[in-house]
Structure formats: C-alpha cells, structure tokens
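Examination of the molecular architecture
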Amino acid sequence: PPGEAERRSGEAAGQAAAEQRDVAEEGEEEQRERAELLEQHRALADERERLRQASARLQLRLGELLRLRRGEGPRAEAGADWPQRYGERLRRLQELREQREREAAACREREAARRRVGEERQARAQAEWAAFQARKKAVTVFSLGRRLGGREAAARAVERIQAREGDKEQQVREARVENIKLKHEIQTLETILKAQGELAEGQHLMDFEHMKKENQKHSEKINDLSEEILKLKKKVSKAVHILSQFREKLQFVEAENQDRKAELMDMETLLAQKRDFLTKTKQARDRLRRNNLKLQQKCGLLGNEILLRDFEEKVDTAELLSQQLETLKRHHAGVILTCRGIQKKIKEANSSFLA
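Residues numbered from 1 in each chain as written. Predicted model: local features only at pLDDT ≥ 70, side-chain atom pairs only at ≥ 80, totals over all residues. Heavy atoms only, no water.

Rules: UniProt positions are given in the numbering used here, feature names are shortened, and annotations may be inferred rather than shown by experiment.
The name an unreviewed UniProt entry assigns to the protein is CCD96 protein, from the organism Uria aalge. Database annotation for the protein, UniProt heading Subcellular location (unreviewed entry): "Cell projection, Cilium".

Right under this line is the structure:
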C-alpha cells in the first residue's frame, strides 16, 4: 500500500541518515587520531633534533678530550683528570643512546598499534559505508524501478550516481587530509619561526617573508579546498532535494497506479463477461452451422440453380442418347437380317453350284 511504502521509505531514509552520521563520527574520530599521530610525530622529530644536537656537542667534547689525551691544546696541563671525565661522558653517551633506542622502540610500538587501530577503524568504516551504500542502492532502485522501466535500468542509474558520489567523497577525504597536513605544516612553520628568533634580523625577515608567502599559498589552497567542499555540499544538498522530489513524484505515481489498477480490474471484469458472451455466441454459431450443413445434405440439389440446370441438361442429353441408341439398335437389327438373308442366298447358291 502507499502508506506502507512511504513508511518504509521514511524508515530507510532515517536509517541511512543514522548510518551517515555514524560514518561522519568515525571520520571525525579518525581525523582526531591522525592529528594526534601527527602531533606525536612532530614531538618525536623535535626530540630527535635535540638528541642530534646533544650528540654533536658530545662529539665535540669527545674530540677535545682526545686532543687532551694526546697532549695537544692549551688546556692539556689542566686536564689531568680527563680519564674520569672521559669515562663519565662515555657512560652518559651510552645511556643517551640506550634511552634513544628505548624511546624509538616505544614510538615504533605506539605507531604500529595506532596503525593497526586505524586500519581496523578504516576497515569498519569501509564496511559500514558499503552497507550504507547497498541499503541506499536498494531503496533507490525500489523507488526508481517503475519510473525508469525496470530494476536493471534503475540499478545502472544508481551505480552511476554512487560512482560519482564515491569520487566526490574521495575528493573530500583527500581535501580534508590535505587541509590537516597544511594546518600541521603551518604549525610546524610557526614553531620553526619562533625557534629561529635568535637569528639575524635580515635572515629572520627573509625567512619570515618566505614563510609568509608559503603560508599565503597554503591559505589559498585551503580557501580553494574550502570552496570545493562548499560546492560538494551544495551538490549533495541538491541531490538530496532531487531525491525528495523523486520520492514525492513516486508517491503520486503510485497513487495514480492504484487508480489505474482499479480501472484495470473493472475492465478485466467487463472483458471476462464479454468473453463469456462471445464464447456462447460462437457455440451458437457452430450449432447453426452444423444444422445448416445437415439441412443442405438433406435438401440435395434444392436451391442450387446451376446444378439443377446442369442436371436437366444431363438428363436431356441422356434421353437423346438413349433415343439414338434405340435407332442404332433397330438399324443394327435390320442390317443383321439383311446379312442373314444374303448369307442364306449365298449358301443356296453354293449348294446349287455344288449339285
């Protein structure tokens, strides 16, 4: 019924909206996880840079100690206790190396765990997205099947729409990831700018201008991506509006279809009655035809002038031929009598000639 179809379409739309909200929440959570991972990566990069600088300083100190050990340099006389300091620095360097290795291993473990969690969430999000797309495809095919002339045509149209929607969704995801990367890059550049405040004023200004240009470029990119996102949102809202119009039109068409079905049932009832009447009429016609054939067989040549005329001619011809036959028979009998008389005379003449 139309009410049931509308209720089912409303439930399907509600379920689709709920699934879409879940997918959006999963996407936001995934973005937060990525942001946290990028923050940790930036912190680890800063720590690595700090450790590299510390290693460089320790190597310089180690070189000085080695020169002191060989007796070189102005502080050779003051470095009588250099073996102890050298041993302490080596131990400190070994401890720093071990600490760096432990932190690197822990960082790798956290990265692997976060990567596994991200892959699981991504797989779950893709599964939910596929289920949502399948549900939306089923609802749309059911709604557009009769309008487009069949489920296959509706399925092809929905597949094209979903393919375009998937491309747009992928573009939106890439735009979001690029936006997040640009934001973190801007934060990194701002941190670098703050850290480079001790440089010379000219170099600082040059770097600041360069960073400002880069920031402006990134801002332009962000604005372009924001415009693309707005365009995509407008397209999505337009598609939703078109789908709502299609749904309303489908309901109207279904109501008209119900009226046409009622008219069709009335016409089928009338057609069945007329078909029964036609069957009875055909049966009466067949009975009349059989009776007519029987009467024609009984009446013989009655009513057929051509056959009657031909029969009369045949009868006249038969009478004429029978008269001619009688005449010929009489002529033949006379000829036979004449022949017999002649034969008798011949016999008599022969007998007299023999005597």
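**Some words on the overall build of the protein**
Basically, it comes down to this: Secondary structure elements are taken from DSSP: a helix is a run of H or I of four residues or more, a strand is a run of E of two residues or more, and numbering for both begins at the N terminus. With a 1.4 Å probe rolled over the protein chains alone, any residue whose accessible area is under 20% of its type maximum counts as buried; one over 50% counts as exposed, and the rest are partly exposed. Whether two residues touch is decided by their heavy atoms; if any such pair falls within 4.5 Å, the residues are in contact. For every accessible area listed, the method is Shrake-Rupley and the probe measures 1.4 Å; residues are considered covered only by the protein chains on display.
Along its length, the protein carries 5 helices and 0 strands. Helices (α) and strands (β) of the protein occur, in sequence order from the N terminus, as α-α-α-α-α. Buried residues in the protein amount to 14% of all 355 residues. Contacts in the protein between residues far apart in sequence, at least 24 positions, make up 68% of those at least 6 positions apart. Counting every atom, the protein has about 28300 Å² of accessible surface; 55% of that belongs to carbon and sulfur.

**Considering the nonpolar core**
Rules: Put simply, buried Ala, Val, Leu, Ile, Met, Phe, Trp, Tyr and Cys residues joined by side-chain atoms within 4.5 Å make one nonpolar core.
In terms of nonpolar packing, the biggest core is built from 5 residues, these being V141, L144, A154, A155 and V158. Counting residues per element, the ones that place at least two in this core are α2 (82-144) and α3 (151-195). Per-element accounting of this core gives the leading share, 3 residues, to α3.

**Digging into the environment of E47**
Its place among the elements puts E47 in helix α1 (residues 2-69). For the pair E47 and R100, spaced 53 residues apart in sequence, the C-alpha to C-alpha distance is 9.3 Å.

**Notes on a positive patch on the surface**
Selection rule: To count toward a patch, a residue needs a relative accessible area over 30% and no salt bridge; like charges are then connected within 9 Å, while nonpolar side chains (Val, Leu, Ile, Met, Phe, Trp, Tyr) are connected within 5 Å. Every case where a carboxyl oxygen of Asp or Glu lies within 4 Å of a side-chain nitrogen of Lys or Arg is listed as a salt bridge. Residues scored as positive are Lys and Arg, those scored as negative are Asp and Glu, and His as well as the terminal groups of each chain are ignored. Note that the charge is assigned to NZ on lysines, CZ on arginines, CG on aspartates and CD on glutamates.
A cluster of like positive charges, contributed by K168, K231, K234, K235 and K238, occupies part of the molecular surface. Among the elements that take part in the positive patch, helix α4 (residues 201-299) stands out by supplying 4 residues, more than any other. By the secondary structure assignment, K168 is in helix α3.

**Considerations on the pattern of salt bridges**
Counted by the stated rule, this structure contains 5 salt bridges. For D286, the salt bridge identified is with R285, shortest N-O distance 3.6 Å. Across the pair D310 and K314 runs a salt bridge, and its minimum N-O distance is 3.4 Å. One end of the pair, D310, and the other, K314, are both in helix α5 (residues 305-354), 4 residues apart, so they sit about a helical turn from each other. Assessed through its relative accessible area of 52%, K314 is described here as exposed.

**Focus on a negative patch on the surface**
A cluster of acidic side chains, namely E220, D224, E227 and E228, defines a negative patch on the protein surface. Residue placement: D224 occurs in helix α4. Look at D224 and you get partly exposed, because its relative accessible area is 44%.

**What to know about the confidence of the model for the protein**
How we decide: As a per-residue measure, pLDDT tells how confident the predictor is, with possible values from 0 to 100.
Looking at the protein as a whole, its pLDDT mean stands at 77, while 77% of the residues score no less than 70. Model confidence for the protein, summarised as mean pLDDT per element, is weakest for α1 at 64 and strongest for α5 at 87. The low-confidence segment residues 1-10, where pLDDT is below 50, has 5 contacts with residues more than four positions distant or belonging to other chains. Confidence drops under a pLDDT of 50 for residues 72-79, and excluding neighbours within four residues, the segment shows 6 contacts in the predicted structure.

**A closer look at the side chain of N179**
Here N179 is to be found in helix α3. Classification of N179 by relative accessible area gives buried; the value is 18%. Ignoring sequence-local partners within four residues, the contact set of N179 consists of I222 and L225.

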